[in-house]
Amino acid sequence: MFVQLHWIDIFIVLVYMVGCFVIGLYTTKYIDNAGDFFLAGKSLPFWAVGFSIVVSDIGATDFVGVAGNTYTYGVSAANFDWIGSMPAMIFAAFIFVPYFWRSGVFTIPEFLGRRYNAAVQLLNASIWIMVMLISLIMMLWTTADDLVRTMLGFNPYYTVWIMAVVTGIYTFSGGLSAVVMTDAVQLVVMYVSGLSLLALSLWEVGGWSSMRSAIESMGGPFEHHFEILLPNTHSAFPWSGIVFGLGVVLAIAYMSGNQSIVHRTLGARTEWDAKAGMLLGGFLKSFIPVMVALPGLCALVYLPHAIQNNPDAVPAEMYQMVDTAAGQVPVLNERDRVVPTMMRLMLPPGLQGLMLAGLLAALMSSISGTLSSASTIFVTDIYNRGRQLLGFKALNEKTALYWGRGFTAFLIIASSLLAPQFDRVDGLYNFIQTVLSLFQGPTLAILLLGILWPRANRWGALAGLILGVLFCFAMWCVPDLFPAEDPFLYIAMYSFIFALVVTVAVSLLTPPEPEEKIRGLVWSSVVHDPEAQEALKARIEA
Amino acid sequence: MKRYQTWRMIAAPVLLAGVLAQAQENPAGRYAHEQVGGVLGFLLRVSDVILDGWLAFLDWFGSLWAPLLHPVFSPLNRLLSGVYQPWAMIITLAYFIGTMLWVGLVLRPSYVNNGRRQAAWYTDLRLWTVISMLPHLFVYVYFR
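Residues numbered from 1 in each chain as written. Chains lettered and ligands numbered in written order. Predicted model: local features only at pLDDT ≥ 70, side-chain atom pairs only at ≥ 80, totals over all residues. Heavy atoms only, no water.

What follows concerns the nonpolar core. Phe100 and Phe237 of chain A are the most contacted members of the largest nonpolar core, which totals 196 residues. In terms of nonpolar packing, the next biggest core, distinct from the first, is built from 21 residues, Phe482 of chain A together with Phe61, Leu69 and Leu80 of chain B among them. (Core = buried A, V, L, I, M, F, W, Y, C linked by side-chain atoms within 4.5 Å. Buried < 20%, exposed > 50% of the residue type's maximum accessible area, 1.4 Å probe, protein only.)

Given below as structure tokens:
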């Protein structure tokens, strides 16, 4: 039932793993202080920033989850990498990135702390740490259980810990430099393997036109599979949720307020490299759905043929027969097992190893990126800030470096221990989106108002963030509140509006921030005030 | 730096021992808490209880808010479901094109390209914006 790896596959995977490990450890020699560890010494060129954004964003969960969603709902699942990335990445490149870059901050919560107060910073940082922990757990367990176990039959415990040890050690040692250097290699491996799977899938189903007409002839649950924007009555991804919830709120919040993404641009060598890296990332991301989503469509045509030719190709308990206009078609029960099943049935020796290396690349780059960002947030916004609030001295460079590395080790061990608990979760991509949606709307609201509206103050931001997250939580807990099965798109949209209104109302009812405090922290002064710009430039150079 | 080399040398065998211990306790490769003994089994069962408690809390919290939120969102849902479907594509394409126009025509070129080392046409980020947006525009037109 499981794939027996050929020696050449094992060789490819081992070369990849050892290569990443060596490259990651090699960068250790460039790490002397916290600035080197957390921001790669502000030396990253645009291509490294762009590559790193793409591979940190795209994980094995995308290969598995997006393909699974496409199998069930069609190309509309690819919206998350199209409208869910590009306009938002342009806004990030030309509004948020230059702004953060010029103000010389390490993290988004640090900016919120300077703009509002320590309470907003600590709250936002704590939320991000929780979300990053959940994301790490999901990434590890998805790859170990849904992917490697389905394909190879390996014990998921082994896979989780091996991934954790390899990735954890090089991130622990080399910080952002190691992450970005390995990301460049991982991007190439990921693209080559993903495009190989796509090419072979299309070959097996007789090409694009043949596949499209075969799926369209099925009708019934597959009638909308080639519509990118589904009707508002559709239960999965109705267009109003996609355009407003994803395109306007979730995507902008993710690309501008997610430390894992913005972190790379803060390490760029110039403001131009930071912006160009974001645009390059957006361009490369436009091809991601082609690799991760289209194999899900091919599976709809390929798997019935595979089962017809060999009834033992897929165990009977893994699928059910569904009535369509073209007759009864076998459909897998768990959509997240579509890609692993395709890989097991379709790929020849050599390509299996390459694909496995590609998936491990996707996983490891996301894990290392998340670890690096989480440790930066923990040290900058929770530990160091907490010490200062309690009257202790701020951490020096060396001590900050120790704490950054210590937290990296703690986080990866905790994630590995907790990973098996997520065995209960089905539809993992939507699960992660749901977790993100619970605070992305309110975070974007206070971030946007903090940048664009000088009148926004600490009380407004605190109320907007706390009440906004509570509002999200209440919407999430009420069943059948929205027409979608997974209502995270609507939760993000309405929570953003709610937090915006609360922040504005509370800010207007309370005293404004002193002008000296917000100078250089709001858009108008950062972009148009030469004095503020000089002060910021001096701070960055210092 | 030597301090970290020592850390790594200690951490790696400890973690690998953890892998072996966990995996051997669960040889089927399928997670089943009741099969795992010792301290690890105890911790897993405690985490089960916490998770079940959390799920029960979510049910209770949802029932508390349902009477308040349903009357607010039901009319909004009806309003959105009645919107003419082609508006979806019009709004989406306008969003993409509007973003490109904003960068190309509204933002000052000196701001867009601030920090570039070489002033050449191929380093102009207005051009990069258009090129990076085109594949996205294409797929929305193709799958309309």
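The next point concerns the interface of chain B and chain A. On the side of chain A, 84 residues touch chain B, which itself brings 71 residues to the contact. For the pair chain B and chain A, the two sides together bury roughly 7100 Å², of which 70% comes from carbon and sulfur. Here chain B and chain A share zero salt bridges between them. In this structure, the connection of chain B to chain A is made through 17 residue pairs in polar contact (both at pLDDT 80 or more). Sorting elements by how many residues they give to the side of chain B that touches chain A places helix 2 (residues 38-81) of chain B first, with 20 residues. Of the residues belonging to the side of chain B that touches chain A, the class tally is 43 nonpolar, 20 polar and eight charged. (Contact = heavy atoms within 4.5 Å. Buried area = accessible area lost by both parts, 1.4 Å probe. Salt bridge = Lys/Arg side-chain N within 4 Å of Asp/Glu carboxyl O. Polar contact = N/O pair within 3.5 Å; in protein donor to acceptor, adjacent residues only side chain to side chain. Helix = DSSP H or I, 4+ residues; strand = E, 2+ residues; numbered from the N terminus. Nonpolar A, V, L, I, M, F, W, Y, C, P; charged D, E, K, R; others polar.)

We now examine the environment of Pro71 of chain B. All names here are of chain B. Structurally, the position occupied by Pro71 is in helix 2. Judged by relative accessible area, which is 53%, Pro71 ranks as exposed. Each C-alpha atom of the pair Pro71 and Ser132 lies 43 Å from the other, and the pair is 61 residues apart in sequence.

Glancing now at helix 11 (residues 259-266) of chain A. Counting buried positions along helix 11 of chain A yields eight of eight residues, so the element is predominantly enclosed. Within helix 11 of chain A the residues assigned to the buried category are Gln259, Ser260, Ile261, Val262, His263, Arg264, Thr265 and Leu266 of chain A.

On to empty space enclosed by the protein. Residue and element names in this part refer to chain A. Scanning all chains against the criterion turns up two cavities of 30 Å³ or more. Contributing to the lining of the largest cavity are 29 residues, with Asp57, Tyr254, Ile432, Gln433 and Leu436 lying nearest its centre. The class makeup of the residues in the lining of the largest cavity is 14 nonpolar, 11 polar and four charged. Taken as a whole, the second largest cavity holds about 30 Å³ of empty space. What lines the second largest cavity is simply Ala253, Gly257, Gln440, Thr443, Leu444 and Leu447. Listed by contribution, the elements that provide at least two residues to the lining of the second largest cavity are helix 10 (239-257) and helix 18 (428-452). If one sorts the elements of the lining of the second largest cavity by residue count, helix 18 sits on top with four residues. (1 Å grid on protein atoms, 1.4 Å probe; cavity = no way out; pocket = protein on both sides within 12 Å on 5 of 7 lines; lining within 4 Å. Points joined across faces, edges and corners; volume = space filled by probe spheres on them.)

This paragraph deals with unusual backbone geometry. Residue and element names in this part refer to chain A. Its identity as a non-glycine residue notwithstanding, Asp480 has a phi of 55 degrees, on the positive side. Structurally, Asp480 can be placed in the loop between helix 19 (458-477) and helix 20 (488-509). Given the relative accessible area of 71%, Asp480 is considered exposed.

This part is about the pairing of strand 2 (residues 327-332) of chain A. Here is the key point about a regular strand: its side chains alternate between the two faces of the sheet. Residues and elements named next belong to chain A. Pairing of strand 1 (residues 319-324) with strand 2, which is carried by six bridges, proceeds in the antiparallel orientation. In the sheet register, Thr324 faces strand 2, and the bridge partner there is Gly327. In sequence, strand 1 turns back onto strand 2 through a hairpin of two residues. (Pairing = 2+ DSSP bridges.)

Residue and element names in this part refer to chain B. Of the residues in chain B, 71% reach a pLDDT of 70 or more, and the chain-wide mean stands at 76. For residues 23-31, every residue scores under 50 in pLDDT, and the model assigns this stretch 25 contacts once sequence neighbours within four places are set aside. Listed scores for the predicted complex are pTM 0.79 and ipTM 0.80. (pLDDT = per-residue confidence, 0-100.)

This paragraph deals with the packing of helix 7 (residues 118-152) of chain A against helix 17 (residues 397-418) of chain A. All names here are of chain A. Their axes nearest at 9 Å, the elements helix 7 and helix 17 cross at an angle of 55 degrees. In terms of orientation, helix 7 lies oblique with respect to helix 17. The crossing of helix 7 and helix 17 is right-handed. Contacts between helix 7 and helix 17 involve Ile129, Leu133, Leu136, Ile137 and Leu140 from the former and Phe407, Leu411, Ile412, Ala414, Ser415, Ser416 and Leu418 from the latter. When the residues that make up the contact of helix 7 with helix 17 are grouped by side-chain class, the tally is 10 nonpolar, two polar and no charged. (Axes fitted to C-alpha atoms, helices over the stretch in contact; angles between N-to-C directions. Parallel < 35°, antiparallel > 145°, perpendicular 65-115°, else oblique. Left-handed = near helix turned anticlockwise from the far one by under 90°.)

Let us look at the packing of helix 5 (residues 86-103) of chain A against helix 11 of chain A. Residues and elements named next belong to chain A. Two numbers describe how helix 5 lies on helix 11: the axes approach to 10 Å, and their chain directions differ by 60 degrees. As summarised for this structure, helix 5 and helix 11 are arranged oblique, according to the angle between their axes. Relative to helix 11, helix 5 is oriented so that their crossing is right-handed. Where helix 5 abuts helix 11, its residues Val97, Phe100 and Trp101 lie against Val262, Thr265 and Leu266. Each residue belonging to the contact of helix 5 with helix 11 can be placed in one class, and the counts come to five nonpolar, one polar and no charged.

What follows concerns the pattern of salt bridges. Residues and elements named next belong to chain A. Within the structure shown, the criterion is met by seven salt bridges over all chains. The residue Glu110 makes a salt bridge to Arg114 at a minimum N-O spacing of 3.1 Å. Taken together, the positions of Glu110 and Arg114, both in helix 6 (residues 108-115) and four residues apart, correspond to about one turn of that helix.

Residues and elements named next belong to chain A. Looking at the secondary structure, you find Met255 in helix 10. Taking relative accessible area as the criterion, Met255 reaches 1% and is therefore assigned buried. Considering only alpha carbons, one finds Met255 and Ile162, 93 residues apart in sequence, at a separation of 30 Å. Not counting chain neighbours up to four residues away, the residues in contact with Met255 comprise Asp57, Gly84, Ser85, Ala88, Met89, Ala92, Ile261, Val262, Met278 and Lys285.

Turning our attention to the packing of aromatic side chains. On inspection of all chains with the given rule, the structure shows 38 aromatic pairs over all chains. On the basis of an interplanar angle of 25 degrees and a centroid distance of 6.5 Å, the ring pair of Phe473 of chain A and Phe57 of chain B is categorised as stacked. One end of the pair, Phe473 of chain A, is in helix 19; the other, Phe57 of chain B, is in helix 2, on a second chain. Judged by its relative accessible area of 17%, Phe473 of chain A is buried. Taking relative accessible area as the criterion, Phe57 of chain B reaches 32% and is therefore assigned partly exposed. (Phe/Tyr/Trp six-rings, centres within 6.5 Å; stacked < 30°, edge-to-face > 60°.)

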